[in-house]
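Single-letter residue listing:
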Amino acid sequence: MPPRLSTTTSTRLANDNTQTYITQAEERDGLEVKGTYSYVDPTGAIVTVNYTAGELGYQESRERQEGALTIRPQPASATGAAGAGAGLDVDRLIAQVIAALEPAIQQSVSNVISRSG
């Protein structure tokens, strides 16, 4: 039997100028993965997602903390949306966070499937 892999990772991203705040933490113990990530959405709410993945599948829960941050209007940019002063593309940012988490979740699920098959 191969040795059991256990890891813990965490990431924090904060930019006060764009009001971008993201945290992510994950623990892996063999085939079991537990993690959480949080971000501030465009309304100023903190959205927290807690998830587990492993032999019992994938499960997540979400909660919102309304009014955690007052979102400042972003100044208009003379160069348009691609300029440095453009607002934050929150949907793209969320997609990047999920894309960063997905490989670990997929690997855990694949490991479970291969063990039960």
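1. Observations regarding the pairing of strand β3 (residues 32-40)
Move 1: Where strand β2 (residues 20-29) meets β3, 8 bridges bridge the pair, whose relative direction is antiparallel. When the bridges of β3 are listed, D29 appears paired with E32.
Move 2: The antiparallel hairpin formed by β2 and β3 contains 2 residues in its connecting segment, where G30 sits at a positive phi of about 65 degrees.
Move 3: With 8 bridges joining them, β3 and strand β4 (residues 46-54) adopt antiparallel strand pairing. Bridge pairing links Y39 to V47 in β4.

2. A closer look at the pattern of salt bridges
Move 1: This structure, assessed with the given rule, holds 4 salt bridges.
Move 2: Two residues, R64 and D41, come together in a salt bridge whose shortest N-O distance is 2.7 Å. Of this pair, R64 sits in strand β5 (residues 57-65) while D41 sits in the loop between β3 and β4; the two residues are 23 residues apart in sequence, bridging distant segments of the chain.
Move 3: Since its relative accessible area comes to 9%, D41 is described here as buried.
Move 4: Residue R64 is classed as partly exposed on the basis of its relative accessible area, which comes to 44%.
Move 5: Through salt bridges with shared partners, a single network forms among D41, R64 and E66.

3. Regarding the side chain of Q19
Move 1: Its place among the elements puts Q19 in the loop between β1 (6-15) and β2.
Move 2: Classification of Q19 as buried rests on a relative accessible area of 5%.
Move 3: Of the polar contacts made by the side chain of Q19, one reaches the backbone oxygen of T70; its length is 3.0 Å.
Move 4: Among the polar contacts made by the side chain of Q19, one reaches the main-chain amide nitrogen of R72 at a distance of 2.7 Å.

4. Let's talk about the environment of V49
Move 1: Inspection of the secondary structure assignment puts V49 in strand β4.
Move 2: Expressed as a C-alpha distance, the spacing of V49 and R64, which sit 15 residues apart in the sequence, is 9.1 Å.

5. A word on the sheet that holds β3
Move 1: Spatially, β1-β2-β3-β4-β5 is the arrangement adopted by the 5 strands of the open sheet, whose pairing is antiparallel. Edge strands, defined here as strands with exactly one partner in the open sheet, are β1 and β5. Direction aside, neighbouring strands of the sheet carry axes that sit 10 degrees apart on average.
Move 2: Looking at chain direction, β1 and β2 are connected through 10 bridges and run antiparallel. Looking across to β2, one finds that T9 is bridged to E26.

Cut-off values and rules
Residues numbered from 1 in each chain as written. Predicted model: local features only at pLDDT ≥ 70, side-chain atom pairs only at ≥ 80, totals over all residues. Heavy atoms only, no water. Pairing = 2+ DSSP bridges. Helix = DSSP H or I, 4+ residues; strand = E, 2+ residues; numbered from the N terminus. Salt bridge = Lys/Arg side-chain N within 4 Å of Asp/Glu carboxyl O. Buried < 20%, exposed > 50% of the residue type's maximum accessible area, 1.4 Å probe, protein only. Polar contact = N/O pair within 3.5 Å; in protein donor to acceptor, adjacent residues only side chain to side chain. Axes fitted to C-alpha atoms, helices over the stretch in contact; angles between N-to-C directions.

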